[in-house]
Amino acid sequence: MDPELAGLASVAAATVVQLLTTAGWERAQNSMGALWRRVYPDRADTVESELEESRAVLLAAREDANEPAEAELAEAELVSEWQGRLRRLLAAEPALAAELRRILAVDLSPEPPGSGREEPSVTVSVRALDSSRVYVAGRDQHITGGGDR
């Protein structure tokens, strides 16, 4: 798969999963359903239902987690799951990339369109080799716990 499309799928998955526990989760659900309807209309309702299930899983993990790491693990698993789905969708129909970019910029943007707040665009490309570790964050990043340093 084209690295640009893989990166787009990764960003979209992270954005959608982050929105699942916010007031904007229904926008994410509707936008993803609309995206699937363009290629697989018969699967769109299932995708919307699965997003609702993902939301329930994430909310339960955050509520029941004895440690924040458990909720973070649940979120990472959901991001990975949705990243795979989006990658497969984009592999089947690469032309959807433009629509997915629009959805991210307009429908799933944290700021309402026309709010006047413009954020700079940042592109990050990371490649880990052998046993290296890579940590990437769009904002604050807190790394705790043991391990090799």
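Quantities reported herein were computed from a predicted structural model and do not represent experimental measurements.

Undergrad: Please provide a residue-by-residue account of a nonpolar patch on the surface, values included.
TA: Residues Val124, Val126, Val134 and Val136 make up a contiguous nonpolar surface patch of roughly 310 Å² in combined accessible area. Position of valine 124 relative to the elements: it lies in the segment after helix H5 (96–107).

Undergrad: Before we move on, could you go through the side chain of threonine 15 and cite the residues and values that matter?
TA: Assignment of secondary structure puts threonine 15 in helix H1 (residues 3–19). For threonine 15, a relative accessible area of 19% gives the class buried. Filtering out sequence-adjacent residues up to four positions away, threonine 15 remains in contact with Leu104 and Leu108.

Undergrad: So what about the nonpolar core? Which residues, and what values?
TA: With 29 residues, the main nonpolar core has Met32, Leu35, Trp36, Leu86, Leu100 and Leu108 as its most contacted residues. Discounting residues that sit within four places of it in the chain, tryptophan 36 has contacts with Pro41, Arg43, Ala44, Val47, Trp82, Arg85, Leu86 and Leu89.

Undergrad: Explain the packing of aromatic side chains to me, using residue names and the numbers behind them.
TA: Scanning the entire structure with this criterion turns up 1 aromatic pair. Over the face of the ring belonging to tyrosine 40 we find arginine 43, whose NZ or CZ atom lies 4.1 Å from the ring centre. Of note, arginine 85 hangs over the ring of tryptophan 82, and the distance from its end group to the ring centre comes to 4.2 Å.

Undergrad: Residues and numbers for the confidence of the model for the protein, please.
TA: Mean pLDDT over the protein: 83, with 83% of residues reaching 70 or higher. In the predicted structure, residues 113–118 sits below a pLDDT of 50 and forms 2 contacts with residues beyond four places in sequence or in another chain.

Undergrad: Which residues make up the layout of surface pockets, and what are the values?
TA: Of the voids in this model, the second largest pocket is the one considered here, and its volume is about 160 Å³. Lining the second largest pocket, in full, are Trp36, Tyr40, Arg43, Thr46, Val47, Glu50, Arg85, Arg88, Leu89 and Ala92. Elements with a minimum of two residues in the lining of the second largest pocket: helix H3 (44–64) and helix H4 (68–92). Of the residues forming the lining of the second largest pocket, the biggest block, 4 residues, is contributed by H4. Partitioned by chemical class, the residues of the lining of the second largest pocket number 5 nonpolar, 1 polar and 4 charged.

Undergrad: Explain H1 to me, using residue names and the numbers behind them.
TA: Over its 17 residues, H1 extends 24 Å from the first C-alpha to the last, a length consistent with the 24 Å expected when each residue adds 1.5 Å. The set of residues buried in H1 consists of Leu5, Ala6, Leu8, Ala9, Ala12, Ala13, Thr15, Val16, Val17 and Leu19. Those residues of H1 that are buried lie in contact with helix H2 (25–39), H3, H4 and H5. If you check the start of H1, you find a side-chain oxygen 2.9 Å away from the backbone N of glutamate 4, and it comes from aspartate 2.

Undergrad: Give a detailed account of the environment of glycine 24, specifying residues and quantitative values.
TA: Topologically, glycine 24 is positioned in the loop between H1 and H2. Judged by its relative accessible area of 7%, glycine 24 is buried. With 85 residues separating them in the primary sequence, glycine 24 and serine 109 have C-alpha atoms 9.4 Å apart.

Conventions used here
Residues numbered from 1 in each chain as written. Predicted model: local features only at pLDDT ≥ 70, side-chain atom pairs only at ≥ 80, totals over all residues. Heavy atoms only, no water. Patch = residues over 30% accessible without salt bridge, like charges linked within 9 Å, V, L, I, M, F, W, Y side chains within 5 Å. Areas by Shrake-Rupley, 256 points an atom, 1.4 Å probe, with all protein chains shown as cover. Salt bridge = Lys/Arg side-chain N within 4 Å of Asp/Glu carboxyl O. Helix = DSSP H or I, 4+ residues; strand = E, 2+ residues; numbered from the N terminus. Buried < 20%, exposed > 50% of the residue type's maximum accessible area, 1.4 Å probe, protein only. Contact = heavy atoms within 4.5 Å. Core = buried A, V, L, I, M, F, W, Y, C linked by side-chain atoms within 4.5 Å. Phe/Tyr/Trp six-rings, centres within 6.5 Å; stacked < 30°, edge-to-face > 60°. Lys NZ or Arg CZ within 6 Å of the ring centre and 35° of its normal. pLDDT = per-residue confidence, 0-100. 1 Å grid on protein atoms, 1.4 Å probe; cavity = no way out; pocket = protein on both sides within 12 Å on 5 of 7 lines; lining within 4 Å. Points joined across faces, edges and corners; volume = space filled by probe spheres on them. Nonpolar A, V, L, I, M, F, W, Y, C, P; charged D, E, K, R; others polar. Expected span 1.5 Å × (residues − 1). Polar contact = N/O pair within 3.5 Å; in protein donor to acceptor, adjacent residues only side chain to side chain.

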